[in-house]
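Analysis of the macromolecular model
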Amino acid sequence: MRLASGHEALVTRVLNDDGSTGLGFSLQLDATQARHMALYQAGLSPERPRITPVIAHPWETAWEAREPVPWQIEPAFSRLEWLP
């Protein structure tokens, strides 16, 4: 998705069998990084992925600080349409 800054982000969603979801992202457009992050958020991976911040985006800084990722600060995030 295109960020408000003009940069691009790859955003992934993982669905767990119990109905819970996990979201992940990569500002380097690395699908593996984003998938591992989403798996961790969904409780399907015990290891919290490390990321290398690229642009000091609030998503990156929140992840590094182990705080909730503020997804909604990006207008395009609310327009994502997920497959069921």
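Everything that follows concerns the structure shown earlier in this document.
In this report, we go over the structure that sits alongside the text. Just so you know, these numbers come straight off a predicted model, no measurement behind them.

When its secondary structure is counted, the protein shows two helices and two strands. Element order for the protein, N to C, with α for helix and β for strand: β-β-α-α. For the protein, the residues scored as buried account for 36% of the 84 residues in total. Long-range pairs, those at least 24 residues apart, make up 36% of the contacts in the protein with a sequence separation of at least 6. Only carbon and sulfur atoms are counted for the fraction: they give 51% of the accessible area of the protein, which is about 5300 Å². Mean positive and mean negative side-chain charge positions of the protein (7 and 10 charges, respectively) differ by 1 Å.

So, on to empty space enclosed by the protein. Taken as a whole, this structure holds one cavity of 30 Å³ or more when the rule is applied. By volume, the largest cavity amounts to about 40 Å³. Around the largest cavity, the lining residues are Phe25, Ser26, Leu27, Gln28, Gln33, Ile51, Thr52, Val54 and Glu60. Broken down by class, the residue content of the lining of the largest cavity amounts to four nonpolar, four polar and one charged.

Turning to the pattern of salt bridges, a few remarks are in order. Summed over the entire model, instances satisfying the criterion amount to one salt bridge. When the shortest N-O distance is used, the salt bridge between Glu8 and Arg2 registers 3.1 Å. Given the relative accessible area of 38%, Glu8 is considered partly exposed.

Our focus in this paragraph is the packing of aromatic side chains. Under the criterion given, the structure shown has six aromatic pairs. Over the aromatic face of Trp63 sits the side chain of Arg48, whose NZ or CZ is 3.8 Å from the ring centroid.

Bridge count between strand 1 (residues 10–15) and strand 2 (residues 21–26): six bridges; the pairing is antiparallel. Across the sheet, Thr12 pairs through a bridge with Gly24, a residue of strand 2. With antiparallel pairing between neighbouring strands as the criterion, strand 1 and strand 2 make up a hairpin whose turn holds five residues, including Gly19 at a positive phi of roughly 95 degrees.

Regarding helix 1 (residues 31–41), the residues found buried are Gln33, Ala34, Met37 and Ala38. Seen end-on, helix 1 carries its buried residues on one side only, within an arc spanning 130 degrees. Buried residues along helix 1 sit against strand 1, strand 2 and helix 2 (58–64). Structurally, the start of helix 1 carries an N-cap: the backbone nitrogen of Thr32 is 3.0 Å from a side-chain oxygen of Asp30. In the stretch just after helix 1, Gly43 is the one whose phi turns positive, near 80 degrees.

Structurally, Arg50 is set in the loop between helix 1 and helix 2. Among the residues examined, Arg50 registers a relative accessible area of 76% and is labelled exposed. Expressed as a C-alpha distance, the spacing of Arg50 and Phe25, which sit 25 residues apart in the sequence, is 12 Å.

What counts and what doesn't
Residues numbered from 1 in each chain as written. Predicted model: local features only at pLDDT ≥ 70, side-chain atom pairs only at ≥ 80, totals over all residues. Heavy atoms only, no water. Helix = DSSP H or I, 4+ residues; strand = E, 2+ residues; numbered from the N terminus. Buried < 20%, exposed > 50% of the residue type's maximum accessible area, 1.4 Å probe, protein only. Contact = heavy atoms within 4.5 Å. Areas by Shrake-Rupley, 256 points an atom, 1.4 Å probe, with all protein chains shown as cover. Lys, Arg positive; Asp, Glu negative; His and termini not counted. Charge placed at Lys NZ, Arg CZ, Asp CG, Glu CD. 1 Å grid on protein atoms, 1.4 Å probe; cavity = no way out; pocket = protein on both sides within 12 Å on 5 of 7 lines; lining within 4 Å. Points joined across faces, edges and corners; volume = space filled by probe spheres on them. Nonpolar A, V, L, I, M, F, W, Y, C, P; charged D, E, K, R; others polar. Salt bridge = Lys/Arg side-chain N within 4 Å of Asp/Glu carboxyl O. Phe/Tyr/Trp six-rings, centres within 6.5 Å; stacked < 30°, edge-to-face > 60°. Lys NZ or Arg CZ within 6 Å of the ring centre and 35° of its normal. Pairing = 2+ DSSP bridges. Arc of directions from axis to C-beta. Polar contact = N/O pair within 3.5 Å; in protein donor to acceptor, adjacent residues only side chain to side chain.

The values are spatial; any link to function lies outside them.
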